[in-house]
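Single-letter residue listing:
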Amino acid sequence: MFPRTLRTLLRRQGRLALWLLPVGLIAVWGCWFVLARVTVYERSVQARLELHREVYAIDAPADGRVVGTQVELHRSVHAGDVLVELEHDQQQRQVAEAEAVLQGLGPQLEAARAELEAEQRGLVEQKGQGVAGVEEAQARLTDAEAVARRARKEAASFEHLWQRGVVSEMEWSRVRTEQERSLAAEQAARASLMRVRSEGTMQSTDRRTRIAALQGEIARLEAEDGVARANLERLREELARRVVRAPAEGILGETSSIRVGTQVKAGDPIATVVAGGPVRIVAQFSPEALGRIRAGQSARMQLEGFSWTEFGMLEATVVAVASEAREGLVRVELSVDELPAGIPLEHGLPGSVDISVGRSTPLQLVLRTMGQGLDGPARQHPRALPVTAETAAPKGGN
């Protein structure tokens, strides 16, 4: 009796357990669905690694034939290293001619300046000599005028005595001769003073004329010297442009097929120097993400060609978000916080970025999706991916 009753109870408890198991699972799932918090990610439309403002594109500076090249993909270069040499024989000859012209102008300028300095000193000395000569001639004229006045007074006195018969005719003739000689001496002294002044003026005028001519010659030579220097500098710049050098230290990331003998034109691409510097992730998002992405948010990047299961993912942080969309996309820049081993940090590597934009419950996510479905067709960019949870395994990879 007792064993039969026990078997009956066990059969009833088994049926109850079969009912309680799914009910319990549904209850646990419901609690998770309503109470659990999952991370919401916004996925980029496109993304790639870029060296922040450290990429230099090198183009051919002029037309010409290549006579030397050191352009090799992934070659390390230093600032100033020669990459390409264009034919420059003609430019070298022009530089040599310009240097010869400039060297010839130098001695001419020095000689003209020395002659000008000598003429200016001569003018100063001549002014002093002229003043002394005028003073000397003025002194002789003053002395002659004094002698002439005395002779005139003496002649007037002797003329009165001669008329009264006190002095003889011979004595009166002698006095009159002395008077005439003194007058002649006075006139000669006055003429000498005028001549000295005239000669001084003429000599000064001649020197000033020569000084003006020398100043004009020096100005002409200086102008020619300036033109020659500018022309030489221009020719040297043209010669320097025939040698293409690396603008910074880095690695040649992109190169063109330029060989010795190749004819290039100005503006033809030669290479791209990727300089060492901070690497950033540049991602493009749909405009709907503009209000959800902010600086400081954490993110992760999966690189194309590097399986996340083998290499892992890059950890990043949002550092800048564009304020407006361009060409239908919003630019977002992120800093690389952690780089998994085995992934090269190279410029231009493509991939996709997931940015953590917040946390929400599965119920809220479902309601939000249903609300978007009721509002109309999804407005996301055709390349945008749906929101993922933190615990979901990322898609993609090899």
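Our structure's up above, just so we're on the same page.
None of these values were measured; they are calculated from a predicted model.

Chemist: I keep staring at the overall build of the protein and nothing clicks. Help me out?
Modeler: Along the protein, the regular secondary structure elements total five helices and 15 strands. Residues counted as buried form 30% of the 398 residues belonging to the protein. Contacts spanning at least 24 positions in sequence make up 81% of the contacts within the protein whose residues lie at least 6 apart. Entry remark: accessible area of the protein is about 25200 Å², with carbon and sulfur atoms responsible for 55%.

Chemist: Whenever I open this one, the pairing of strand E4 (residues 64-69) confuses me. Can you help?
Modeler: A regular strand carries its side chains on alternate faces of the sheet. Both E4 and strand E9 (residues 263-264) contribute to a ladder of two bridges, which runs antiparallel. In the strand pairing of E9, arginine 65 is matched with glutamine 263. Pairing geometry for E4 and strand E6 (residues 82-86), over three bridges, is antiparallel. Across the sheet, glycine 68 pairs through a bridge with glutamate 85, a residue of E6.

Chemist: When you look at the nonpolar core in this model, what are you seeing that I'm missing?
Modeler: Taken as a class, soluble globular proteins show a tendency for nonpolar side chains to be buried jointly. Leu334, Val353 and Ile355 are the most contacted members of the largest nonpolar core, which totals 24 residues. For this core, the secondary structure elements donating two or more residues are strand E2 (46-51), strand E11 (279-285), strand E12 (298-303), strand E13 (314-321), strand E14 (330-338) and strand E15 (350-360). No other element matches E11, which puts four residues into this core. Beyond its immediate stretch of four places on either side in the chain, valine 353 contacts Glu42, Arg43, Ser44, Ala47, Ile281, Ala283, Phe285, Ala299, Arg300, Met301 and Leu334. One finds Val66, Leu83, Leu86 and Leu252 within the second-largest nonpolar core, a separate group that totals 16 residues.

Chemist: Whenever I open this one, the environment of glutamine 91 confuses me. Can you help?
Modeler: Structurally, the position occupied by glutamine 91 is in helix H2 (residues 89-163). Assessed through its relative accessible area of 14%, glutamine 91 is described here as buried. When the C-alpha positions of glutamine 91 and arginine 236 are compared, they lie 7.9 Å apart, and in sequence the two are 145 residues distant. Not counting chain neighbours up to four residues away, the residues in contact with glutamine 91 comprise Leu239 and Arg242.

Chemist: Please explain the sheet that holds strand E10 (residues 269-275) as it appears in this structure.
Modeler: Sheets are built from strands that pair by backbone hydrogen bonding, the pairs being arranged parallel or antiparallel. Strands sit in the order E3-E10-E8-E5 across an open sheet of four strands; the sheet is antiparallel. Each edge of the open sheet carries a strand with a single partner, namely strand E3 (55-59) and strand E5 (76-77).

Chemist: I'm lost on the pattern of salt bridges in this one. Help?
Modeler: When the charged atoms of two side chains lie near each other, side chains of opposite charge can form a pair. One pass over the structure, following the stated rule, counts 17 salt bridges. Here aspartate 354 and arginine 300 are joined by a salt bridge, their closest N and O atoms 3.9 Å apart. With aspartate 354 in strand E15 and arginine 300 in strand E12, this residue pair connects regions lying 54 residues apart in the sequence. No difference in accessibility class separates aspartate 354 from arginine 300, as the two residues are buried. The network of salt bridges with common partners includes Arg43, Arg300 and Asp354.

Chemist: Hey, could you run me through the packing of H2 against helix H3 (residues 169-241) in this one?
Modeler: Two packed helices can be described by the angle between their axes and the distance between those axes. The contact between H2 and H3 brings their axes to 6 Å, and the two run at 170°. Between H2 and H3, the angle falls in the class roughly antiparallel. When you trace H2 past H3, the crossing you get is left-handed. Among the residues making up the contact of H2 with H3, the classes are represented as 34 nonpolar, 17 polar and 25 charged.

Reading guide: rules and limits
Residues numbered from 1 in each chain as written. Predicted model: local features only at pLDDT ≥ 70, side-chain atom pairs only at ≥ 80, totals over all residues. Heavy atoms only, no water. Helix = DSSP H or I, 4+ residues; strand = E, 2+ residues; numbered from the N terminus. Buried < 20%, exposed > 50% of the residue type's maximum accessible area, 1.4 Å probe, protein only. Contact = heavy atoms within 4.5 Å. Areas by Shrake-Rupley, 256 points an atom, 1.4 Å probe, with all protein chains shown as cover. Pairing = 2+ DSSP bridges. Core = buried A, V, L, I, M, F, W, Y, C linked by side-chain atoms within 4.5 Å. Salt bridge = Lys/Arg side-chain N within 4 Å of Asp/Glu carboxyl O. Axes fitted to C-alpha atoms, helices over the stretch in contact; angles between N-to-C directions. Parallel < 35°, antiparallel > 145°, perpendicular 65-115°, else oblique. Left-handed = near helix turned anticlockwise from the far one by under 90°. Nonpolar A, V, L, I, M, F, W, Y, C, P; charged D, E, K, R; others polar.

It is worth stressing that arrangement in space is one thing and function is another; only the former is reported here.
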